[in-house]
Amino acid sequence: MFGLSALFLARFQFAFTVGFHIVFPAFSIGLAAYLAVLEGLWLKTGRNAYLDLFKYWLKVFSVVFGMGVVSGLVMSYEFGTNWSAFSQKAGPILGPMLAYEVMTAFFLEAGFLGVMMFGLNRVGKGLHFAATCMVSIGTLISMSWILSSNSWMQTPRGYRIDEATGRFLPVDWWQIVFNPSFPYRIVHMGLAAFLCVAFIVAGVAGWHLLKARREGRQASEQVRLMFSMAMWMAAIVSPIQVLAGDTQGLNTLEYQPAKIAALEGDWESESRAPEILFGIPDMENETTHYKIAIPYMGSLILTHSLNGKVPGLKDFPKEDRAYSPLLFFSFRIMVALGMLMVLVGLWSLYLRWKGKLYDTPLLHRIALFMSPAGFLALLCGWITTEVGRQPFTVYGLLRTSDSVSPIALPNIATSMIAFIIVYFIVFTGGITILLRTFAEEPHPGEHGPAEDQPQRAAGTTQVSHQPPSSPTAGAGMAE
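Residues numbered from 1 in each chain as written. Predicted model: local features only at pLDDT ≥ 70, side-chain atom pairs only at ≥ 80, totals over all residues. Heavy atoms only, no water.

Q: I'd like to hear about the overall build of the protein, residue by residue, with values.
A: Across its full length, the protein carries 14 helices and eight strands. Here the C-alpha atoms of the protein give a radius of gyration of 26 Å, agreeing with the 23 Å that 2.2 N^0.38 yields for 479 residues. By its C-alpha atoms, the protein is 90 × 65 × 40 Å across when sized along the principal axes. Counting the 479 residues in the protein, one finds 47% classified as buried. Taking as baseline every contact in the protein between residues at least 6 positions apart, the subset at least 24 positions apart corresponds to 78%. Total accessible area on the protein stands at roughly 23,100 Å², and carbon and sulfur atoms take up 66% of it. Looking at charge distribution, the protein has the averaged site of its 33 positive side-chain charges lying 7 Å from that of its 32 negative ones. (Helix = DSSP H or I, 4+ residues; strand = E, 2+ residues; numbered from the N terminus. Rg over C-alpha atoms; globule rule 2.2 N^0.38 Å. Buried < 20%, exposed > 50% of the residue type's maximum accessible area, 1.4 Å probe, protein only. Contact = heavy atoms within 4.5 Å. Areas by Shrake-Rupley, 256 points an atom, 1.4 Å probe, with all protein chains shown as cover. Lys, Arg positive; Asp, Glu negative; His and termini not counted. Charge placed at Lys NZ, Arg CZ, Asp CG, Glu CD.)

Q: Could you give me a rundown of the side chain of Thr132, with the residues and numbers involved?
A: The residue Thr132 is located in helix H4 (residues 125-154) in this model. The exposure class of Thr132 is buried, given its relative accessible area of 0%. The residues touching Thr132, leaving out its near neighbours within four places in the chain, are Leu35, Ala36, Glu39, Phe54 and Met116.

Q: Give a detailed account of unusual backbone geometry, specifying residues and quantitative values.
A: Note that the residue after Gln390, namely Pro391, is joined by a cis bond; omega there is 10 degrees. Turning to its location among the elements, Pro391 is positioned in the loop between helix H12 (373-389) and strand E7 (392-394). Phi at Arg272 is positive, roughly 50 degrees, even though this residue is not glycine. The topology assignment puts Arg272 in the loop between strand E3 (270-271) and strand E4 (275-282). For Arg272, a relative accessible area of 46% puts it in the partly exposed group. For Glu286, which is not glycine, the phi dihedral falls at a positive 55 degrees.

Q: Can you lay out the environment of Phe316 for me, pointing to particular residues and giving the numbers?
A: With respect to the secondary-structure elements, Phe316 resides in the loop between strand E6 (309-310) and helix H10 (324-354). Separated by 163 residues in the primary sequence, Phe316 and Met153 place their C-alpha atoms 20 Å from one another. When near neighbours in sequence (up to four residues on either side) are disregarded, Phe316 contacts Pro257, Ala258, Ala261, Pro311 and Arg321.

Q: Before we move on, could you go through a nonpolar patch on the surface and cite the residues and values that matter?
A: Taken together, the side chains of Val69, Leu73, Tyr77, Tyr100, Val102, Met103, Phe106, Phe107 and Trp173 make up a nonpolar region of the molecular surface, amounting to roughly 860 Å² of accessible area. Looking at the nonpolar patch, the elements with two or more residues in it are helix H2 (48-81) and helix H3 (84-118). Element by element, the count of residues in the nonpolar patch is highest for H3, at five residues. Structurally, the position occupied by Val102 is in helix H3. The class for Val102 is partly exposed, based on a relative accessible area of 34%. (Patch = residues over 30% accessible without salt bridge, like charges linked within 9 Å, V, L, I, M, F, W, Y side chains within 5 Å. Salt bridge = Lys/Arg side-chain N within 4 Å of Asp/Glu carboxyl O.)

Q: For the pattern of salt bridges, give the residues involved together with the corresponding values.
A: Opposite charge on two side chains permits them to pair, given that their charged atoms come into close proximity. Enumeration over the complete set of coordinates arrives at 10 salt bridges. With a closest N to O distance of 2.8 Å, Glu286 and Arg321 form a salt bridge. Residue Glu286 is located in the loop between E4 and strand E5 (287-294), and its partner Arg321 is located in the loop between E6 and H10; the two are separated by 35 residues in the primary sequence. Accessibility classification places Glu286 together with Arg321 in one group, the buried group.

Given below as structure tokens:
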């Protein structure tokens, strides 16, 4: 299935670029909301620690947002170069939706981003807070359009297929935008973005709590505050995320049963199905080796009934089956990380109740270790979603093999090598900047992005504000 071909390399290239890209929009979504909360609490309470944290994380946001924009530009070109057949057939539906994302979300973010980044001491507090909220709302709107587009590819509705060209043409935009999987996926993705940022914040705070302990001093108010906020988010949101994932699983079982069969490693359709905790699915021999399973739990989890029927991969033609081994493990890694987040959140509640939240080094070490967990779970969830849709780009209607451009393997290989080199340079630099920022402890009087430099529009002449010292000097300037 994974032989080297133009189709496989085109798929790998898109997976590579989207894998890098998705981390940064998720980071931006969660971080923009966190910044809005911090500034709102500062305005409400007057507590300067909130302002210090706002400025500290605003520096992080500036890097993350820029890397998200850079990594996202590449994918729009890939639709034209590697997936022109898909663009031609699905363009009448997906093209307008992506245009709406630019017009509503990106313009909103771009319009207020400069005010949020550099306007804290240039505009009123209320206006600046409004700008921060607009940027946060813009990231959420952007996520909504992108997920609506992708969800339509998973559960297409509101279309008709032109018989002459094979193009998908819109019939009902309400059904297209609010397709059956969209409500579940947007909740799941939004909560994932918040958890990603919560555990990054907790990891940074955990690092500085441990550092302060080694140095024999008390951690600053800012460090303790951001650790407390991160643990509240983990304790509240991670259990909700488990419930959101369960509802999405029920939706997937209804509309994409083949995906459920592949990620569960089930080959035979059966009632009272076990839940396979570990195994190695074998696509060729149609079995799962070395199974460790819990009786009846598969039916209970997937259908909420011990007698519920769970689909098997043998119910579907071989050519319509997703690659079960990859789905099987990506799904279980995502679930395992999610359950660890729940446990960390609940443990933090217990320690908070005991008054030991800031005095338990083991929790701080685990928070530091778990700091990338949200992003790892996000990537595993994305793999599960996208690989599970295969072998279709539009589920059940348009095959991936019929979506690729008529492009030669060497051309894709050349661009793939270029992407790897450029991404390595750009993202290594960006992540290095982020790690250096995280290594610095937020402190009273924290400085955000520089605001004291003179600003001028590109292309205008910068005029010195210092008067000439003599008529001769003035004449020289005129000449």
